[in-house]
Amino acid sequence: AFRPAERIASVGVSEILKITARAGALKRAGRPMIILGAGEPDFDTPDNVKEAAIRAIRDGATKYTALDGSPELKDAVRAKFERENGLVFAADEVTCGAGAKQILYNAFMATLGPGDEVVIPTPYWTSYSDIVAIAGGTPVLVPCGIEAGFRLRPEQLEAAITPRTRWLLLNSPSNPSGAAYSAEELEALAGVLRRHTHVWAMSDDMYEHILYDGLAFATLAAVAPDLRDRTLTVNGVSKAYAMTGWRIGYGGGPAVLIRAMAVVQSQATSCPSSVSQAAAVEALNGPQAIVAERCAAFQRRRDLVVAGLNAVPGLQCPVPQGAFYTFASCEGLLGARTPDGGVLRSDRDVADYLLEADVAVVPGACFGLEPFFRISYATSDSELKTALERIEAACARLH
Ligand code: PLP
């Protein structure tokens, strides 16, 4: 009989993917389902980026490149870090992989052993705890509730650190909550890290460019340069340039860590796709106007969704600062009866109930914090309006 390895025994296939698959099957069966689960922009990859990839194919850039990124891509990454974050990295301090996910994976595989702990503010992107588990480490989940704006406070970090803590993992703006840390808040967390010199910090900046209301983006390595020799800054082109399928992510950090990460990648995938690397070079070096235009579109949709959800009795939706998700509390719906006599006892029940009304959302349980649900508003205004009408009507049928 088939027996999976122990290291994946506790790791399930992503529940988000399962929910999305179920909603997709209902849609194919003819239901007018609106799926608000996608973790990717609905926009297309910019034309200049596509053209760069086509040129690369024609020019024969179709072979293995250097292991963790071509010199051109590493230069583009270094220029990006300097231009946008004020972070100056040497060539041996940056690394490129098949998506930011591979960068996170490389880093945890390269550093974690049994009993090593990673502090993860909750709600969190599901993959964090699963990757830590596969790498043999132990996720330490710290609840950061709605009243704290879904942000980790310094005293919580202090309390979570043990002699076994290897990493603090920060994600700002956050998937799923959209919460972003200000420079002052990061500085306060840095104060705690300074007292615990064995703890490294990983900053997942994937949603850097999807930040609203004129807020200035802040990242730990720039706020606390004295922590640079134990900080890994992770980013990628997936969200900023609508390039999820190209699979290019990157990181900047101390050379000792970057070298160890390259060892992991060398025995998993070797270099990322040469064609995608050429596309990413153009994305990072080329015109940037489209990034801000798309951010403005996301902000309009955020306002639409937040207003729509807050108009529904029983729902409470804080205003996210960034990313393209809302994370609304459905606590006010718990205990309510559905028209067919069922009782909503959890956010999973709420998500199931909304699925019957042809709207697919992801329950907060998938992100470690209940009772909430996540909506991805990376879809058209008209779909969002219809979805909000359906949610309001479904909730009005509860008693
Ligand atoms: N980090 C966060 C918070 C994400 O939401 C995602 C994708 O959903 C990633 C990292 C990974 O992105 P990619 O592997 O496409 O670069």
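What counts, and at which threshold
- Residues numbered from 1 in each chain as written.
- Predicted model: local features only at pLDDT ≥ 70, side-chain atom pairs only at ≥ 80, totals over all residues.
- Helix = DSSP H or I, 4+ residues; strand = E, 2+ residues; numbered from the N terminus.
- Rg over C-alpha atoms; globule rule 2.2 N^0.38 Å.
- Buried ≥ 20, exposed ≤ 12 C-beta atoms within 10 Å, placed from the backbone.
- Contact = placed C-beta atoms within 7 Å.
- UniProt positions renumbered as here; feature names shortened; annotations may be inferred.
- Pairing = 2+ DSSP bridges.
- Expected span 1.5 Å × (residues − 1).
- Domains from an automatic or database assignment.
- Nonpolar A, V, L, I, M, F, W, Y, C, P; charged D, E, K, R; others polar.
- Axes fitted to C-alpha atoms, helices over the stretch in contact; angles between N-to-C directions.
- Right-handed = clockwise from strand over helix to strand, strands pointing away.

### Describing the overall build of the chain
When you go through the chain residue by residue, the secondary structure sums to 14 helices and twelve strands. Taking 21 Å as the expected radius of gyration for a compact globule of 399 residues, we find that the chain reaches 21 Å, a close match to that expectation. In terms of its C-alpha atoms, the chain occupies a principal-axis envelope of roughly 60 × 55 × 55 Å. Each of the 399 residues in the chain was classed as buried or not, and the buried ones make up 49%. Of all intrachain contacts in the chain linking residues separated by at least 6 positions in sequence, the fraction that spans at least 24 positions is 72%.

### Comments concerning the environment of Arg345
Summarising the element assignment, Arg345 is placed in the loop between β9 (325-329) and α13 (347-356). The class for Arg345 is exposed, based on 12 C-beta atoms found within 10 Å. When the C-alpha atoms of Arg345 and Glu331 are compared, they prove to be 9.5 Å apart, with 14 residues separating the residues in sequence.

### Re the UniProt feature "domain: Aminotransferase class I/classII large" (unreviewed entry) in the chain
In the numbering used here, UniProt assigns the feature "domain: Aminotransferase class I/classII large" (unreviewed entry) to residues 32-391. Helix makes up 38% of residues 32-391 and strand 15%, whereas the separation of the span's terminal C-alpha atoms amounts to 14 Å.

### Remarks on the sheet that holds strand β11 (residues 362-363)
Strand order in the open sheet formed by three strands is β9-β12-β11, with antiparallel pairing between adjacent strands. Only two strands of the sheet have a single neighbouring strand rather than two, namely β9 and β11. In the sheet, β11 pairs with strand β12 (residues 372-376) via two bridges, with the strands oriented antiparallel. In the strand pairing of β12, Pro363 is matched with Phe373.

### What to know about helix α4 (residues 71-85)
For α4, built from 15 residues, the straight-helix expectation of 21 Å at 1.5 Å per residue is met to within 8% by its first-to-last C-alpha distance of 20 Å. Taken together, the buried positions of α4 are occupied by Leu73, Lys74, Ala76, Val77, Arg78, Lys80, Phe81 and Asn85. Against the buried residues of α4 lie β2 (94-97), α9 (220-223), β8 (249-252) and α11 (274-285). Looking at the residues trailing α4, positive phi occurs at Gly86, about 65°.

### Re the domain arrangement of the chain
When cut into domains, the chain gives domain 1 (6-44 + 290-396) and domain 2 (64-286). Taking the mean C-alpha position of each, domain 1 and domain 2 sit 26 Å from one another. Taken together, the 32 residues of domain 1 in the interface contact 32 residues of domain 2. Those elements giving two or more residues to the side of domain 1 that touches domain 2 turn out to be α1 (6-9), α12 (289-310) and β9. Here the residues of the side of domain 1 that touches domain 2 sort into 17 nonpolar, ten polar and five charged.

### Considering the sheet that holds β8
Read across the open sheet, the seven strands follow the order β2-β8-β7-β6-β5-β3-β4; overall the sheet is mixed. On the outer flanks of this sheet lie β2 and β4 (138-143), each paired with one strand and no other. Pairwise comparison of adjacent strand axes, ignoring direction, gives a mean angle of 20° for this sheet. Sheet strands in contact with α4 are β2 and β8, and its direction is about 120° off that of β2. Contacting β3 (117-122), β4 and β5 (165-171), helix α6 (residues 127-134) crosses the sheet at an angle of about 155° to β4.

### Notes on the pairing of β4
Taken together, the six bridges between β3 and β4 define a ladder with parallel strand orientation. Across the sheet, residue Thr122 finds its bridge partner in β4, namely Pro143. One crossover worth recording links β3 to the parallel β4 by way of α6, and it is right-handed.

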